[in-house]
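If you want the building blocks of each chain, they are given just below.
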Amino acid sequence: MLFNKSIKAAFIIIFIVFLNACQITHKPKVDTALFELMPIPNEMVGKGWLEKFQFSGVVEQSMLVSTEFSEKMIKVAALSFEGVPLSQLQFNTLTEQLTTTNSLGVDLDGKKIIYDMQSAFWPLALLKQHMCKNCQVTQAASAGQLTRRFYRGDTLIREVIYNASQTQLVENEQNYRLTIERLEEY
């Protein structure tokens, strides 16, 4: 009888330890999206940009990026500074179909590129219309510098700072920084 009580007590202790271990190892997935991907604003259709991108954080990389907008497509070509193609993507904003071609072993996340582009360069009113639940975006000017801030609840997730032809995107949740220098608009 004493033996059975000991086994039951041991079983209960093991069960409690198991439940605590499950709670410690189970981390709920955080949805990193602050807004839904959006169509191309009419004022951007038929236009394009040539920019210098410099990533820092998880990956350190610099490249030239050419972006062109049609009615429903965003076409992006990433090049080395010597003009060697690194990656190309086409994103249909209506179907959200993404086609990518990577060269020289450079694997870029196409949807992340579109997401970063939209957070920095899409009109504020359009961003506000497409914000996810419990998320918000604000924009304010201070000392001649414009700053756009994205929040999930009360937590600052992303900040976009505009300074003349240079835009700096700071992603706090995913721990990276992107500096974009607009070289040409066409």
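One structure accompanies this document, and this report is about it. This structure is a prediction, so every number in the text was calculated from the model and none was measured. (Residues numbered from 1 in each chain as written. Predicted model: local features only at pLDDT ≥ 70, side-chain atom pairs only at ≥ 80, totals over all residues. Heavy atoms only, no water.)

What to know about the overall build of the chain
Then comes step 1: Along the backbone of the chain there are three helices and ten strands.
Then comes step 2: Moving toward the C terminus, one meets the helices and strands of the chain in the order α-β-β-β-β-β-α-α-β-β-β-β-β.
Then comes step 3: Sorting the 186 residues of the chain into buried and exposed places 35% on the buried side.
Then comes step 4: Considering only contacts in the chain between residues 6 or more positions apart, those separated by 24 or more positions represent 44%.
Then comes step 5: Total accessible area computed for the chain in this model is approximately 11,500 Å², and 56% of it derives from carbon and sulfur atoms. (Helix = DSSP H or I, 4+ residues; strand = E, 2+ residues; numbered from the N terminus. Buried < 20%, exposed > 50% of the residue type's maximum accessible area, 1.4 Å probe, protein only. Contact = heavy atoms within 4.5 Å. Areas by Shrake-Rupley, 256 points an atom, 1.4 Å probe, with all protein chains shown as cover.)

Brief notes about the packing of aromatic side chains
Then comes step 1: Across all of its chains, the model carries six aromatic pairs by this definition.
Then comes step 2: With a centroid separation of 4.3 Å and an interplanar angle of 5 degrees, the aromatic rings of Phe-35 and Tyr-115 are classed as stacked. Of this pair, Phe-35 sits in the loop between helix H1 (2–25) and strand E1 (48–57) while Tyr-115 is found in helix H2 (residues 110–121), placing the two residues 80 residues apart along the sequence. For the pair formed by Phe-35 and Tyr-115, the shared burial category is buried.
Then comes step 3: On the numbers, 5.9 Å between centres and 65 degrees between planes, the contact of Phe-69 with Trp-122 is edge-to-face. Taken as a pair, Phe-69 in strand E2 (residues 61–69) and Trp-122 in the loop between H2 and helix H3 (124–129) lie far apart in primary sequence, 53 residues in all. (Phe/Tyr/Trp six-rings, centres within 6.5 Å; stacked < 30°, edge-to-face > 60°.)

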